[in-house]
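Overview (structure and organization)
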Amino acid sequence: MIISDIAKQKILDEFNLFEQFQYNGKSVKERKELNQFFTPPELSIKLIENLDSIEGDLVDPCCGAGNLLMAAAIVKVYDLNESPLTVFGFDIDEQMINLIKDRFYKYFNLDFSNNFSIKDSTLGWNKNFNVCLTNPPFNKNGADLLELSIINNVVNYCDIASVLCTITNITDINGPLKQGKKWEKYRNVLEGKLESIDIIKDSSDYFGICTAKDLGILKIVKDTKKDFNDFRFIQNGINYKFIYEKVYKLVVNNKIGLNLHWTDATEPYCVPLKVLVSKNNYNLVTYKQEKRNYKSSFKPSKAVKNYDNDNTVSKNVVFDTEKEAENFINACMTKFYRFLVKHSLTSQNIKNVNKFIPFLDFTKTWTDQMLYKLFDLTDTEINIIETEIDDL
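Residues numbered from 1 in each chain as written. Predicted model: local features only at pLDDT ≥ 70, side-chain atom pairs only at ≥ 80, totals over all residues. Heavy atoms only, no water.

**Looking at the overall build of the chain**
Our working definition: To qualify as a helix, a DSSP run of H or I must reach at least 4 residues; to qualify as a strand, a run of E must reach at least 2; elements of each kind are numbered from the N terminus. Classification of residues uses two cut-offs on accessible area relative to the type maximum, computed with a 1.4 Å probe and protein chains only: under 20% is buried, over 50% is exposed, and between them is partly exposed. Two residues form a contact once any of their heavy atoms are found within 4.5 Å.
Regarding its fold elements, the chain presents 13 helices and 13 strands. Counting all 392 residues of the chain, 50% fall into the buried class. Partitioning the intrachain contacts of the chain with sequence separation of at least 6 by distance along the chain shows that 76% fall at a separation of at least 24.

Structure (structure tokens):
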């Protein structure tokens, strides 16, 4: 929905007046224990704008000091001509509930004593709501999926919701074609409910503290035709599904991964491999390079079990001729190959990567343009690769 400039300014002005009181004198340690790092007004506005409307009864089940609810109430009054008494909030902290009641009374001069109550939002609610706006706490270790238990109740008790949350468990593209246990739990709750994800970049700038970088605003509805599986390919606002559909699945299904052509033995035309990462460079390193100079020429060499005495095991890709080995090394230097390494990388262990990297006909020399054509990439997909991967 569109929020008027008047309402936006009212939200910012009210927050600036209230900001010094919102933590109610709690230390950073106490706030961490309660997961109390409240939503700044700029993000409150974003969460509201993420929805088509906030008309009707609106709830924040983890309301804290009430930043989201105050923003919603101001929009209701100034843009929707609705009573602010249609906002409700729960929190486990009695101090916060008392604080928010006082805050709303001072601003609207209305009695909100029945609107805000002490409640554990991971448990069942006793009321249904038209709209939910919330920034739920999350368990840092993810052991009990605190965030997800609240989202589950949001789905059950609300018609539509805008939820600020960590999205790692939804956009889990580290490890191609792999859905983890957490991803399955999120899918079970949000299948047929997740309408969109709005990626929040530079979230630390909003909160003023170091936060998880993978924050997003979920738009949750009662029913959607969107495929939940598609959301796991979104990262930083870019949909990487084409890598999986056009390359990884083809490589795995046709059994043309590099891992089927490697050995630990030393043979005349073995190319030892290791993954090495630097800023915007994801490389299949084909021999020990002094000072990580990626511009040096690559040459076949005999197998080396380990590089630099570290724990990363190198593998050796076997070729019949020196020319094939040279062509393979040149292919490893293309942006296309390095892009595949980047998105199949779960560690610097080569065994987790090579099953997704194609082993082609290396009697010919491959260029990026040839590889783009072979895998039928569109101009948009090519631009993603060219933008993400630096020149060598």
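**Remarks on the sheet that holds strand β3 (residues 116–118)**
Selection rule: For two strands to pair, DSSP has to find at least two bridges joining them. Only the contacting stretch of a helix is used when fitting its axis, a line to C-alpha atoms as for every element, and angles between N-to-C directions run 0 to 180 degrees.
Ordered in space as β3-β2-β1-β4-β5-β7-β6, the 7 strands form an open sheet in which the pairing is mixed. The sheet is open, and its two borders are formed by β3 and β6 (194–200), each paired with just one other strand. The mean inter-strand angle of the sheet, taken between neighbouring strand axes irrespective of direction, is 20°. In the packing of helix α3 (residues 41–49) onto the sheet, contacts are made with β4 (129–134), β5 (158–166), β6 and β7 (215–221), and the angle to β5 comes to roughly 140°. In the packing of helix α4 (residues 67–78) onto the sheet, contacts are made with β1 (58–60), β2 (87–91), β3 and β4, and the angle to β1 comes to roughly 165°.

**So, the packing of α4 against helix α5 (residues 94–108)**
Rule in force here: Small angles under 35 degrees read as roughly parallel and large ones over 145 as roughly antiparallel, with 65 to 115 read as roughly perpendicular and the rest as oblique. Crossing handedness: left-handed means the near helix sits turned counterclockwise from the far one by under a right angle, and right-handed means the same turn made clockwise. Put simply, Ala, Val, Leu, Ile, Met, Phe, Trp, Tyr, Cys and Pro go in the nonpolar bin, Asp, Glu, Lys and Arg in the charged bin, and everything else, Gly too, in the polar bin.
Their axes nearest at 11 Å, the elements α4 and α5 cross at an angle of 25°. Here α4 is positioned roughly parallel relative to α5, judged by the angle of their axes. Between α4 and α5 lies a crossing of right-handed hand. Residue-level contacts link N67, L69, M70, A73, I74, V77 and Y78 of α4 to I100, R103, F104, Y107 and F108 of α5. Of the residues contributing to the contact of α4 with α5, the split by class is 10 nonpolar, 1 polar and 1 charged.

**Details of the pattern of salt bridges**
Between side chains of opposite charge, pairing is possible as soon as their charged atoms come close. Applied cut-off: By convention in these notes, a salt bridge is any Lys or Arg side-chain nitrogen within 4 Å of a carboxyl oxygen on Asp or Glu.
What the rule picks out here adds up to 14 salt bridges. R103 is paired through a salt bridge with E14; the nearest N and O atoms lie 2.8 Å apart. Here E14 lies in helix α1 (residues 5–18) and R103 lies in helix α5, a separation of 89 residues in the sequence. Neither residue differs from the other here; R103 and E14 are each classed as buried. Shared partners join several salt bridges into a network, and the residues in it are E184, R187 and E191.

**Some remarks on the packing of helix α11 (residues 335–344) against helix α13 (residues 379–388)**
With their axes 10 Å apart at the nearest point, α11 and α13 run at an angle of 80° to one another. Classified by the interaxial angle, the pair formed by α11 and α13 is roughly perpendicular. Residues K335, F336, F339, K342 and H343 of α11 pack against I384, I385, E386 and E388 of α13. Taken together, the residues of the contact of α11 with α13 break down into 4 nonpolar, 1 polar and 4 charged.

**Quick word on the environment of L110**
Relative to the assigned elements, L110 resides in the loop between α5 and β3. As for L110 and P84, which are separated by 26 residues in sequence, their C-alpha atoms are 8.8 Å apart. Sequence-distant contacts of L110, that is, excluding residues within four places in its chain, are made with P84, L85 and Y105.

**Quick look at the packing of aromatic side chains**
Rules: Only Phe, Tyr and Trp rings are paired, with Trp represented by its six-membered ring, and only when their centres lie within 6.5 Å; those with planes under 30 degrees apart are stacked, over 60 edge-to-face, the remainder tilted.
Within the structure shown, the criterion is met by 21 aromatic pairs. Ring geometry for F90 and F129: centres 6.2 Å apart, planes at 65°, overall edge-to-face. Placement of the pair is F90 in strand β2 and F129 in strand β4, with a sequence separation of 39 residues. Since its relative accessible area comes to 6%, F90 is described here as buried. When the centroid spacing of 6.2 Å and the interplanar angle of 15° are considered together, the rings of F242 and F339 count as stacked.

**Details of the pairing of β4**
In terms of burial, β4 is a largely internal element, 5 of the 6 residues being buried. The pairing of β1 with β4 spans 2 bridges and is classified as parallel. Directly across from V59, in β4, lies its bridge partner C132.

**Overview of unusual backbone geometry**
Positive phi outside glycine occurs at N109, with the angle close to 55°. On the secondary structure map, N109 appears in the loop between α5 and β3. Positive phi values are uncommon outside glycine, yet D376 reaches one of about 55°. Tracing the backbone shows D376 in the loop between α12 (368–374) and α13.

**Describing the pairing of β7**
Burial analysis of β7 places 7 of its 7 residues in the buried class, which makes it a mostly covered element. On β7, burial covers both faces: L215, I217, K219 and V221 on one face and G216, L218 and I220 on the other are all buried. The pairing of β6 with β7 spans 6 bridges and is antiparallel. In the strand pairing of β7, D198 is matched with I217.

**As for the confidence of the model for the chain**
In low-pLDDT regions, the fine details of the predicted coordinates are not to be read closely. What counts is decided by this rule: As a per-residue quantity, pLDDT reports the predictor's confidence and falls between 0 and 100.
In this model, the chain carries a mean pLDDT of 78, and residues with pLDDT of at least 70 account for 71%. Across the chain, element-level confidence peaks in β1 with a mean pLDDT of 97 and bottoms out in strand β12 (residues 281–285) with 52. Overall, residues 287–313 carries pLDDT values under 50, and its contacts beyond four positions in sequence, including any with other chains, amount to 66 contacts.

**Observations concerning the environment of K246**
Quick reminder of the rule: Side-chain atoms alone can form a polar contact between residues adjacent in sequence; in general such a contact is a pair of N or O atoms within 3.5 Å, and within protein one must be able to donate a hydrogen while the other accepts it.
Tracing the backbone through its elements, the reader meets K246 in helix α9 (residues 241–253). Separated by 128 residues in the primary sequence, K246 and L374 have C-alpha atoms spaced 9.9 Å apart. Not counting the four nearest positions on each side in its chain, K246 is found in contact with F375, D376, L377, T378 and E381. Here E381 takes part through its side chain, which lies 2.9 Å from a polar atom of the side chain of K246.

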